[in-house]
Amino acid sequence: MGWLGLEGSRALVLGAGGLGAACAGGLAEAGARVAVADVDGARLEALKGDPGLAEADVRLLVADLTRPQACEDTVAGAVDELGGLDVLVHAVGMNDRRPVVDTPDELWERILTLNLSSAFWTGRAAGRRMRAAGRGRMVFFSSVSSLLAHRHHGPYAASKGGLDQLVKVMAREWAADGVNVNAVAPGYTETELTREYLARPGMREEMTGLVPAGRLGLPDDVVGAVLFLASRRAAYVTGQILYVDGGRTLV
Ligand SMILES: NC(=O)c1ccc[n+]([C@@H]2O[C@H](COP(=O)([O-])OP(=O)(O)OC[C@H]3O[C@@H](n4cnc5c(N)ncnc54)[C@H](O)[C@@H]3O)[C@@H](O)[C@H]2O)c1
């Protein structure tokens, strides 16, 4: 058994994007059995070509996690596929940067539903099962935007601030059942979520200049934190928001 003790763990990763794929690969490398869910079937299929996952028998679940029933069904489907559920990683999310006064209701609803409501629906579904089993680990993706007041991030920042509180309440409610709930909060990381924004003139330099480490994050940067929180080594860590941001929130 390795130091993390993740061998044979049954893990569901929600999101096959930059960070979800990196976490799925890390979990598989640590010996976990992995299912990944995403609304985008092509992104899921692309995981089969991922060097970290090519050897793993990763189960792919297509699901639109903006619907409560789909969230329930996805957790139930993963439990069926894997024979139980020890780890849930929630790594779906979207952003759309514009001033609050220019943000239509539809966009507010869409971002809050995907970033926050899907965390509630999937966390609740997984929590019921993990409590009954007497153990479990959940890791949600928050953001430095949950703490810092970034301009043009109204719905996104609100969703991540709400997520932090949801994580803490679930952690408190389930601590005595062996179910630990934490979040990682990355700074700007190179994925599809940030690609267009960072490509705007001067933006990459400006964002990099805000990071004491002197560089933007890469998907691999979050994997160690997620694996630790998903492991038996994090038995006494719950309700925490772990910033993985190269020091961005220090300044
Ligand atoms: N990349 C960053 O800089 C950064 C920073 C802080 C926090 N985060 C958070 O990390 C998480 C993952 O972000 P990422 O960078 O991997 O983004 P990404 O855009 O690469 O991936 C997001 C994934 O969510 C999926 N998705 C979108 N709508 C969905 C739906 N309705 N149902 C199911 N899946 C859906 C997309 O298909 C995509 O695969 C998000 O919660 C994001 O807010 C990212």
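Residues numbered from 1 in each chain as written. Predicted model: local features only at pLDDT ≥ 70, side-chain atom pairs only at ≥ 80, totals over all residues. Heavy atoms only, no water.

A.B. asks: Would you mind going over the pairing of strand β6 (residues 179-186) with me for this structure?
C.D. replies: Within a regular beta strand, the side chains point alternately toward one face of the sheet and then the other, so they alternate between its two faces. For β6, a buried count of eight out of eight residues is recorded, marking the element as mostly surrounded by other parts of the structure. Here β6 shows no split at all, with Val 179, Val 181, Ala 183 and Ala 185 on one side and Asn 180, Asn 182, Val 184 and Pro 186 on the other all buried. Here six bridges tie strand β5 (residues 136-141) to β6, and the two strands are oriented parallel to one another. Across the sheet, the residue bridging to Gly 136 is Val 179, located in β6. Between β5 and its parallel partner β6, the chain crosses via helix α5 (residues 154-174), and the hand of that crossover is right-handed. Pairing between β6 and strand β7 (residues 241-244): four bridges, direction parallel. When the bridges of β7 are listed, Ala 183 appears paired with Ile 241. (Buried < 20%, exposed > 50% of the residue type's maximum accessible area, 1.4 Å probe, protein only. Helix = DSSP H or I, 4+ residues; strand = E, 2+ residues; numbered from the N terminus. Pairing = 2+ DSSP bridges. Right-handed = clockwise from strand over helix to strand, strands pointing away.)

A.B. asks: I tried to follow the site of the ligand on my own but got confused; where do I start?
C.D. replies: The full set close to the ligand counts 29 residues, and Asp 38, Arg 43, Tyr 156, Thr 189 and Thr 191 are the nearest of them. In the model, an oxygen atom of the ligand is placed 2.8 Å from a nitrogen or oxygen of the Arg 43 side chain. A distance of 3.4 Å is found between a nitrogen atom of the ligand and a backbone nitrogen or oxygen belonging to Ala 63. Residue assignment for the shell around the ligand shows that the elements contributing at least two residues are α1 (18-29), α5 and α6 (192-198). (Near = heavy atom within 4 Å. Polar contact = N/O pair within 3.5 Å; in protein donor to acceptor, adjacent residues only side chain to side chain.)

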